[in-house]
Amino acid sequence: RDLHSFPTRRSSDLVGEKWPVTGTPQYATIPLTVSDDGKNVFGFAHTGRIFNIDVSGSEVKYADKAYKGQNINPLTYKNGYLYGGTWESTDNDGNTTDPGTYFCIDVSTMKVIWEFQDTGKTEDGELESENGGFYWDGAYVTDDGAYTVFCNSGIEKKVTKGNTASTVLSNGYVYAVNHQGEEVSRYALDSGTRCSVAADHSGYLYFASSLGTLYKMKMAEDGTLTETSRASPPTRSEERRVGKECR
């Protein structure tokens with residue numbers, strides 16, 4: 001498939017450019033990532049490889065490793081490095097064949113620098129992802145690149161209440177890893193998270209769980225994560241009460 005670029009100005013005599021890319025974006029729900037200087041564009045093809053396009057020429061580079069899990073995570077660019085993750089892949093029986101992986105890639109060489117997985121095994125010795133992998137879980141990277149913070153998707157579990165069946169995401173965590181991808185801190189959440197981590201100028205981190213809880217956290221100089229506050233959406237009874245009071 002081809003990746004196209006077009007000028008932002010409207011003119012019939014302006015022609016866009018294109019670069020051939022192996023594979024397709026598949027789900028196409030994640031936008032491309034651009035380097036700070038605008039010279040490189042990064043994306044995740046369904047072949048499992050990250051591509052790196054030099055927009056000033058025709059060269060397209062690929063990461064030195066392909067991943068089997070779903071490539072449905074935003075890519076974060078910081079100081080010459082690319083951060084992203086995959087969701088776990090399963091066979092037809094629902095068994096984990098490739099656990100979700102978070103990774104860091106050196107853009108200059110397109111080599112994987114580190115990988116992070118949170119895996120375990122069942123009582124039968126079968127491989128099992130402890131966190132379900134990473135799904136829409138974009139990373140926050142400190143300015144000096146010392147720490148990377150990201151959440152996990154959690155494990156999908158079917159829950160039935162009365163006649164109503166639903167899916168919940170359990171085993172939710174937020175992680176902080178160092179520049180070698182080693183875990184330095186984790187914090188248990190009320191559910192899995194499909195949300196990127198954002199930060200303000202004061203160093204507070206923000207993200208929301210799949211249950212709708214908004215977390216505000218602080219990271220210490222050694223990478224330790226602590227919760228400072230959280231907020232949850234109102235329940236239906238609270239919504240009805242507020243609605244009556246506002247009439």
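Computed from a predicted structure; not experimentally measured.

### A word on the pattern of salt bridges
Argument step 1. Counted according to the given criterion, the structure contains five salt bridges.
Argument step 2. In this structure, the salt-bridge partner of D143 is K78, at a minimum N-O distance of 3.0 Å. Of this pair, D143 sits in the loop between β15 (140-141) and β16 (147-151) while K78 is found in strand β7 (residues 76-78), placing the two residues 65 residues apart along the sequence.
Argument step 3. K78 gets classed as partly exposed once you look at its relative accessible area, which sits at 21%.
Argument step 4. Overlapping salt bridges bring together D118, E183 and R186 as one network.

### Regarding the packing of aromatic side chains
Argument step 1. The tally for this structure, following the rule as stated, stands at 14 aromatic pairs.
Argument step 2. On the basis of an interplanar angle of 80° and a centroid distance of 4.8 Å, the ring pair of W87 and Y135 is categorised as edge-to-face. Placement of W87 in the loop between β8 (81-85) and β9 (89-90) and of Y135 in the loop between β14 (127-129) and β15 is noted, with a sequence separation of 48 residues between them.
Argument step 3. Plain terms: the ring middles of Y173 and Y175 are 6.0 Å apart, the flat faces sit at 45° to each other, and that makes the pair tilted.
Argument step 4. Residue classification places Y173 among the partly exposed positions, given a relative accessible area of 22%.
Argument step 5. Each residue in the set Y102, F116, F134, F150, Y173 and Y175 is aromatic and connected to the rest through ring pairs, giving one cluster.
Argument step 6. Seen from the ring of Y204, K216 lies directly overhead, with NZ or CZ sitting 4.3 Å from the centre.
Argument step 7. In this structure, K218 packs its charged tip against the face of Y204, placed 4.4 Å from the ring centre.

### With respect to the sheet that holds strand β4 (residues 40-44)
Argument step 1. The antiparallel open sheet is built from four strands, whose spatial order is β3-β4-β5-β6. At either margin of the open sheet sits one strand with a lone partner, and together these are β3 (33-34) and β6 (60-62).
Argument step 2. By the bridge criterion, two bridges tie β3 to β4 in an arrangement that is antiparallel. Its bridge partner being in β4, V34 is matched across the sheet by V41.

### Digging into the sheet that holds β16
Argument step 1. The strand order across the open sheet formed by four strands is β15-β16-β19-β20, and the pairing between neighbours is antiparallel. On the outer flanks of this sheet lie β15 and β20 (183-188), each paired with one strand and no other.
Argument step 2. Here β16 runs beside strand β19 (residues 173-178); their pairing, made up of five bridges, is antiparallel. Looking across to β19, one finds that Y147 is bridged to N178.

### Structural notes on the nonpolar core
Argument step 1. With 13 residues, the main nonpolar core has V149, V174, F207, M219 and L225 as its most contacted residues.
Argument step 2. Looking at this core, the elements with two or more residues in it are β16, β19, β22 (204-208) and β23 (214-219).

### Quick notes on the pairing of β8
Argument step 1. Most of β8 sits inside the fold, with four of its five residues counted as buried.
Argument step 2. Between β7 and β8, which pair antiparallel and follow one another directly, the connecting turn spans two residues, one of which, N79, has a positive phi of 50°.

### Structural notes on the side chain of N152
Argument step 1. Tracing the sequence through the fold places N152 in the loop between β16 and β17 (155-161).
Argument step 2. What makes N152 buried here is its relative accessible area of 0%.
Argument step 3. Here Y173 takes part through its backbone nitrogen, which lies 2.5 Å from a polar atom of the side chain of N152.

### Considerations on unusual backbone geometry
Argument step 1. For N79, which is not glycine, the phi dihedral falls at a positive 50°.
Argument step 2. Tracing the sequence through the fold places N79 in the loop between β7 and β8.
Argument step 3. A positive phi is found at W136, a non-glycine position, where the angle reads about 65°.
Argument step 4. Overall, the relative accessible area of 38% leaves W136 in the partly exposed class.

### As for the confidence of the model for the chain
Argument step 1. Residues of the chain with pLDDT of at least 70 account for 75%, and the chain-wide mean is 80.
Argument step 2. Low pLDDT (under 50) marks residues 11-15, which in the prediction has three contacts with non-local residues, meaning those over four places away or in another chain.
Argument step 3. A low-confidence stretch, residues 242-247 (pLDDT under 50), is modelled with zero contacts involving residues beyond four sequence positions or located in other chains.

### A short note on the environment of P74
Argument step 1. Here P74 is to be found in the loop between β6 and β7.
Argument step 2. Not counting chain neighbours up to four residues away, the residues in contact with P74 comprise I30, Y83, G84, W136, D137, G138 and S196.

The rules behind these values
All residue numbers refer to position in the chain's written sequence, counted from 1. Totals for whole chains, interfaces and linings use every residue, but because this is a predicted model, local features are given only for residues with pLDDT of at least 70 and side-chain atom pairs only at 80 or more, for both listing and counting. Note that the side-chain values use all heavy atoms of the structure and ignore hydrogens as well as water. The rule for a salt bridge is simple: a side-chain nitrogen of Lys or Arg has to be within 4 Å of a carboxyl oxygen of Asp or Glu. Secondary structure follows DSSP: runs of H or I at least 4 residues long count as helices, runs of E at least 2 residues long count as strands, and numbering of each begins at the N terminus. Three labels apply to residues, based on accessible area from a 1.4 Å probe with only protein chains included: buried if under 20% of the type maximum, exposed if over 50%, partly exposed otherwise in between. When the centres of two rings from Phe, Tyr and Trp lie within 6.5 Å, Trp using its six-membered ring, the rings pair. Their planes under 30 degrees apart give stacked, over 60 give edge-to-face, and anything left gives tilted. Geometrically, a charge over a ring is one whose NZ (Lys) or CZ (Arg) sits within 6 Å of the ring centre while staying within 35 degrees of the ring normal. Paired strands, as defined in this entry, are two strands with at least two bridges between them according to DSSP. In plain words, nonpolar cores are sets of buried Ala, Val, Leu, Ile, Met, Phe, Trp, Tyr and Cys residues tied together by side-chain atoms within 4.5 Å. Pairs of N or O atoms are called polar contacts if they sit within 3.5 Å, as long as, within protein, a hydrogen donor faces a hydrogen acceptor (for residues adjacent in sequence, only side-chain-to-side-chain pairs). Along the chain, pLDDT gives the predictor's confidence residue by residue, from 0 to 100. Throughout, a residue-residue contact means that at least one pair of heavy atoms, one from each residue, lies within 4.5 Å.

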